[in-house]
Amino acid sequence: MRPPNITWVFGVNSNIGLCDREEHVYAPLDADARELAQSLYEAGYIKVEYIRKEWERWAWPGGYPLYYVCTDGGVLCSKCVNDNIKMTSDPEAERDWRVVGVDINYENNELFCDHCGERCESAYCEPDDADAPASTGHDTGEDSGPAEDLCGY
Ligand SMILES: [Zn+2]
């Protein structure tokens, strides 16, 4: 499990391009917004404005699904952790909202979000994958087949 860095989103403008755009800075939750903005000024932007924070939904590189762990040991899916960004990005939040770690869900198909109750997506063990090879010609008249056993479903 990694410490939970968060994406700080700044609106930036350079004197080269005329349009405003967003710059994403991956930094600790309790980083100093002014220091992050300063580093963008030093990178050449002339206008830097803090907009919001966002938790990553996918690990990079790889694109694996992420889940978040709170001080009380509870699990939050990447949707809930962002839907409740005010609480989850507050270093002083209550125990059950204070994020202490983030990890990739590789193949746990029984990992559930403690807030919405939905199963957290996994990289390798999705039930949709288990559906595919179900009909491989078992025409023996048996009532129960072994095909449903993939990934424990
Ligand atoms: Zn959730």
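Just above, that's the structure.
Student: Got a minute to help me understand unusual backbone geometry in this structure?
Tutor: Glycine aside, a negative phi is what most residues show, and trans is what most peptide bonds show. Cis geometry marks the peptide bond from Trp-60 to Pro-61; its omega dihedral reads 0°. With respect to the helices, strands and loops of the structure, Pro-61 is situated in the loop between strand 3 (47–54) and strand 4 (66–70).

Student: Got a minute to help me understand the sheet that holds strand 1 (residues 5–13) in this structure?
Tutor: Overall, antiparallel pairing links the three strands, which are arranged 2-1-3 in an open sheet. Only two strands of the sheet have a single partner each, and these edge strands are strand 2 (21–28) and strand 3. Here the strands of the sheet are splayed against their neighbours by 30° on average, with no regard to which way each runs. The pairing of strand 1 with strand 2 spans eight bridges and is antiparallel.

Student: What is the right way to read the sheet that holds strand 6 (residues 99–104) from this model?
Tutor: In sheet architecture, strand pairing relies on hydrogen bonds along the backbone and comes in two forms, parallel and antiparallel. Taken in spatial order, the three strands of this open sheet run 5-4-6, and their pairing is antiparallel. Among the strands making up the open sheet, the edge pair consists of strand 5 (75–77) and strand 6. The sheet shows a mean angle of 30° between the axes of neighbouring strands, direction not considered. In this sheet, strand 6 lies alongside strand 4 in antiparallel orientation, the contact comprising five bridges. Residue pairing across strands places Leu-66 opposite Ile-104, the latter belonging to strand 6.

Student: Before we go on, may I ask you to explain the nonpolar core in this structure?
Tutor: Generally speaking, a soluble globular protein has its nonpolar side chains buried in company with each other. Counting residues in each nonpolar core, the largest one holds 19 residues, and the members touching the most others are Tyr-67, Tyr-68, Leu-76, Cys-77 and Val-81. Counting only elements with at least two residues in this core, the list comes to strand 1, strand 4, strand 5, helix 2 (78–83) and strand 6. Residues lining this core come from more than one domain, with at least three contributed by each of domain 1 (1–54) and domain 2 (56–127). Those residues in contact with Cys-77 that sit more than four places away from it in its chain are Tyr-67, Cys-113, Cys-116, Glu-118 and Cys-120.

Student: Is there a simple way to think about the pairing of strand 4 in this case?
Tutor: Regular strands have side chains that alternate between both faces of the sheet. Counting buried residues along strand 4, four of its five residues qualify, which places the element largely inside the surrounding structure. Sheet topology places strand 4 next to strand 5; three bridges connect them, and they run antiparallel. Looking across to strand 5, one finds that Tyr-67 is bridged to Cys-77. The hairpin turn running from strand 4 into strand 5, its antiparallel successor, is four residues long, and Gly-73 in that turn takes a positive phi close to 90°.

Quick notes on the rules
- Every chain's residues receive numbers from 1 upward, in the order its sequence appears when written.
- The predicted origin of the model limits local features to residues at a pLDDT of at least 70 and limits the giving and counting of side-chain atom pairs to 80 or more, whereas totals for whole chains, interfaces and linings rest on all residues.
- A helix here means a DSSP run of H or I that spans at least four residues, while a strand means a run of E at least two residues long, and both kinds are numbered starting from the N terminus.
- Paired strands, as defined in this entry, are two strands with at least two bridges between them according to DSSP.
- Axes, fitted as lines to C-alpha atoms, cover a helix only where it is in contact. Angles between the N-to-C directions of the axes lie from 0 to 180 degrees.
- The nonpolar core criterion groups buried Ala, Val, Leu, Ile, Met, Phe, Trp, Tyr and Cys residues into a set whenever they are joined through C-beta atoms within 7 Å.
- As a rule, residues whose C-beta atom has 12 or fewer other C-beta atoms within 10 Å are exposed, those with 20 or more are buried, and those in between are partly exposed; C-beta atoms are placed from the backbone.
- Here the limits of each domain have been adopted from an automatic or database domain assignment.
- Here contacts are defined at the residue level, using C-beta atoms placed from the backbone and a cut-off of 7 Å between them.

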